[in-house]
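A structural walkthrough
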Amino acid sequence: MEQNEECILSKEYSLEKFPLENALEIILMFDAAGRITYANSAAKKKLEYESDLCGRHISDVFPNTFKPDKDILESEFAFGYEPYSIVAYRKNLTCFPVEARIMRAGDSSGMYICMANDILEKEFLNKEVEKVRQEAQQALKVKSEFVANVTHELRTPVNGVLGNVRELLSDETDERKKKQFLLIQRCCDDMNKIINNILDFSKLEAGKFTLELREFNFRNMLDYVKSNHINKITEKGLGFFMTVSPQIPENIIGDELRIVQILNNLLSNAQKFTALGKITVEVLKTAQINDKIELFFIVTDTGIGIDKADKEKLFRSFSQVDASISRKYGGTGLGLNICKQLVELMGGRIEVESRKNKGSTFSFSIWVDSCGEKDNTSSQNDSKISVFSIENAEEGAENETDAKMYGTPENKENLKKTLSKLILCVEMENWEKAEMFMETIRQLTEDAPHDIKRIVLRLKMAVQKENYDKAAAGFEELNNYL
Ligand code: ADP
């Protein structure tokens, strides 16, 4: 090949096969006689040639490694994937060290390929990367210290206002003023939530967040979560159902506060984005390895749902599905990102399934310690514990068991009430709400005789299919039976 011939890869080594041209390392190909047949742009640039690199002998570039200009390539170089430090010479005979891998082409062409990195440049780049990494870490530290200071400074006056408002509220008799104080109190609570979110987020981002593991009663924790939301949920006329697998022990070891935080966030969102229908929480035990158990939480709503495209954005920080949502519903877009990081700290993952205008299901898993307790399946007070709907949430928990037992006066009373609410929803073709009452009816007839259960099932299907005639007929049938 002539020295000035255009440096082109032969067909067997076409650029589609080897996207080498724009690689950052020096890439040379040469034949069995040592003639260079291809040099990529980095090779020409670093060795300070133009297209005249092709046609040269490989010993012009590596004179200490290859014998010059022989018909058959002579070298003691150990060809292979292992990199070796050798010296490369530029056209002007100055040199620099490289880390090179020279291999024979795996075919019958007798070609060689050489890939070489400038060692000094690599070291320089490594130092630069390390410098940038340290600067970024320092910046993160400064930022988290700043956030910690600012949030602390904000929290003090907010709590000052809160304390005074509570005092004023307790002495106030004027209803109008009371309403104003309550509003101030609510604003302060909201501000505290935002401050806490920012603080958590910055700690998590800086890797300074630690979990506080303690033993606690799992069902009491869920009751506490429920008490945080039940008023708002029922005020909106939504149904609320919570079921817990009997396999979950009474006491577990984990970070109670943070589990509450995740559930609070998911339930606040569920409540915020649902105008009609129901919210359900289900907790299952999905795995056990020695004393460690995996808990799986499912929070479902029948709210506005999330577009497929927007699902990707959900768990990123400061991410809300769109600006109109944040204007209408408020929020900082930090909640789900914090949930994701907390769940991952607890060894699990969080996911979402959703359909626009149909509702969303957020599920997450975490690993906790079972405190050495065995399966709780046989425990007396541990059948699918809490099943709350609008009615029984108002009536209290005492007669819950009676209400669930088919045939008791409480059960009859509840069934009648729920049926009349159901038919109202059917008449108004409010199917989402009808489904919610249907679920209550299903639970209230769980241990009813078979023929009643069959009527309930038919009614349930009619409601699910939004079939007015069949739902009305099913209602009549069940009502007559009762
Ligand atoms: P925010 O505090 O703003 O609610 P989140 O991170 O908790 O922040 O939620 C981010 C966004 O995800 C919300 O603004 C909303 O657009 C969407 N989102 C979260 N939960 C739901 C839900 N249950 N239904 C519909 N959209 C939701």
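Here the structure is a predicted model, which is why all the values come from computation and not from measurement.

Looking at the packing of aromatic side chains
Taken as a whole, this structure holds 7 aromatic pairs when the rule is applied. Arranged with centres 4.5 Å apart and planes meeting at 5°, the rings of phenylalanine 297 and phenylalanine 364 form a pair that is stacked. Within this pair, whereas phenylalanine 297 is found in strand 10 (residues 292-301), its partner phenylalanine 364 is found in strand 12 (residues 359-369), the two being separated by 67 residues in sequence. Sitting above the plane of the tyrosine 81 ring, arginine 101 keeps its charged end 4.8 Å from the centroid.

Here we look at the state of the cysteines
One pass over the full model with this rule turns up 0 disulfides. Cysteine 188 provides the cysteine sulfur closest to cysteine 187, a residue in no disulfide bond, and the two sulfurs are 6.9 Å apart. Relative accessible area serves as the criterion here: at 43%, cysteine 187 is assigned to the partly exposed category.

A short note on the side chain of glutamate 172
Mapped onto the elements, glutamate 172 comes out in the loop between helix 3 (119-171) and helix 4 (175-205). At 5.0 Å, lysine 177 is the nearest oppositely charged side chain to glutamate 172, a buried residue that forms no salt bridge. Only 3.0 Å separates the side chain of glutamate 172 from the backbone nitrogen of aspartate 174, close enough to count as a polar contact. When near neighbours in sequence (up to four residues on either side) are disregarded, glutamate 172 contacts Lys177, Lys178 and Phe181.

Some details on unusual backbone geometry
Keep in mind that most residues, glycine aside, have a negative phi and that most peptide bonds are trans. Positive phi outside glycine occurs at asparagine 290, with the angle close to 50°. With respect to the helices and strands, asparagine 290 occurs in the loop between strand 9 (278-289) and strand 10. Non-glycine residue asparagine 357 carries a positive phi angle of around 65°. Residue position: asparagine 357 is located in the loop between strand 11 (350-355) and strand 12. Asparagine 357 gets classed as exposed once you look at its relative accessible area, which sits at 54%.

Brief notes about the nonpolar core
Grouped together as the largest cluster of nonpolar side chains are 46 residues, with contacts concentrated most on Phe218, Met221, Ile259, Leu263, Leu295, Phe297 and Phe364. It is helix 6 (residues 256-272) that provides the largest number of residues to this core, a total of 7 residues. Once residues within four sequence positions are removed from consideration, phenylalanine 218 is found in contact with Val244, Ile248, Pro249, Glu250, Ile252, Val283, Leu295 and Phe297. Listed in part, the 25 residues of the second largest apolar core include Ile26, Ala43, Phe77 and Phe96.

A closer look at helix 9 (residues 335-345)
Because each turn of an α-helix spans 3.6 residues, side chains separated by three or four positions in sequence point in the same direction. When helix 9 is considered as a whole, its buried residues turn out to be Gly335, Leu336, Asn337, Ile338, Cys339, Leu342 and Val343. Positioned one or two residues after helix 9, glycine 347 has a phi angle of 80°, which is positive.

With respect to a negative patch on the surface
A surface patch of negative charge is lined by Glu427, Glu429, Glu432 and Glu466. Among the residues examined, glutamate 429 registers a relative accessible area of 46% and is labelled partly exposed.

A look at the packing of helix 12 (residues 409-427) against helix 15 (residues 468-481)
Taken N-terminus to C-terminus, the directions of helix 12 and helix 15 make an angle of 160°; their axes are 10 Å apart at the nearest point. The orientation of helix 12 relative to helix 15 falls into the category roughly antiparallel. Of the two possible hands of crossing, helix 12 and helix 15 adopt the one that is left-handed. In this structure, helix 12 contributes Leu419, Ile423, Val426 and Glu427 to the contact, and helix 15 contributes Tyr468, Ala471, Ala472, Phe475, Leu478 and Asn479. Grouping the amino acids of the contact of helix 12 with helix 15 by side-chain chemistry returns 8 nonpolar, 1 polar and 1 charged.

Topic: the packing of helix 13 (residues 431-444) against helix 14 (residues 450-464)
Axis separation between helix 13 and helix 14 bottoms out at 9 Å; the angle between their running directions is 165°. The orientation of helix 13 relative to helix 14 falls into the category roughly antiparallel. Here helix 13 runs over helix 14; the crossing is left-handed. Mapping the contact onto sequence places Trp431, Ala434, Glu435, Met438, Glu439, Ile441 and Arg442 in helix 13 and Val456, Leu459, Lys460, Val463 and Gln464 in helix 14.

A word on the environment of leucine 257
Tracing the backbone shows leucine 257 in helix 6. In sequence terms leucine 257 and methionine 221 are 36 residues apart; their C-alpha atoms lie 9.0 Å from each other.

Each value, and the rule that gives it
- Residue indices begin from 1 for each chain and proceed along its sequence in written order.
- Whole-chain, interface and lining totals are the exception, using all residues; otherwise, since this is a predicted model, local features are given only for residues with pLDDT of at least 70 and side-chain atom pairs are given and counted only at 80 or more.
- As a convention, hydrogens and water are excluded, and side-chain values are obtained from all of the structure's heavy atoms.
- For this analysis, a ring pair means two rings from Phe, Tyr or Trp (six-membered ring only for Trp) whose centres lie within 6.5 Å, classed as stacked if their planes differ by under 30 degrees, edge-to-face if by over 60, and tilted for the remaining angles.
- Starting at the N terminus, helices and strands are each numbered in turn, a helix being any DSSP run of H or I of at least four residues and a strand any DSSP run of E of at least two.
- Distance and angle both matter: a charge sits over a ring if NZ of Lys or CZ of Arg is within 6 Å of the ring centre and within 35 degrees of the ring normal.
- Two cysteine sulfurs form a disulfide in these notes if their separation is within 2.5 Å.
- Burial classes follow relative accessibility: with a 1.4 Å probe on protein chains only, a residue under 20% of its type's maximum area counts as buried, one over 50% as exposed, and anything between as partly exposed.
- Charge counting follows a simple rule: Lys and Arg are positive, Asp and Glu are negative, and His as well as the terminal groups are ignored.
- One speaks of a salt bridge when a side-chain nitrogen belonging to Lys or Arg is within 4 Å of a carboxyl oxygen belonging to Asp or Glu.
- By the criterion applied in these results, polar contacts are pairs of N or O atoms within 3.5 Å in which, for protein atoms, one can donate a hydrogen and the other can accept it, and in which residues neighboring in sequence qualify only through two side-chain atoms.
- Residue contacts follow a heavy-atom distance rule, with two residues in contact if any of their heavy atoms lie within 4.5 Å.
- Buried Ala, Val, Leu, Ile, Met, Phe, Trp, Tyr and Cys residues form a nonpolar core when they are joined through side-chain atoms within 4.5 Å.
- Any residue with relative accessible area above 30% and no salt bridge may belong to a patch, with like charges joined within 9 Å and the nonpolar Val, Leu, Ile, Met, Phe, Trp and Tyr side chains within 5 Å.
- Each accessible area is a Shrake-Rupley estimate made with a 1.4 Å probe; only the visible protein chains count as cover when residues are assessed.
- Just so you know, the charge point we use is NZ for Lys, CZ for Arg, CG for Asp and CD for Glu.
- Working convention: axes come from line fits to C-alpha atoms, limited for helices to the stretch in contact. Angles between N-to-C directions cover 0 to 180 degrees.
- Put simply, angles under 35 degrees are roughly parallel, angles over 145 are roughly antiparallel, angles from 65 to 115 are roughly perpendicular, and the rest are oblique.
- The handedness criterion is simple: a crossing whose near helix is rotated anticlockwise from the far helix by less than a right angle is left-handed, and one whose near helix is rotated clockwise is right-handed.
- Amino acid classes used here: Ala, Val, Leu, Ile, Met, Phe, Trp, Tyr, Cys and Pro are nonpolar; Asp, Glu, Lys and Arg are charged; the rest, including Gly, are polar.

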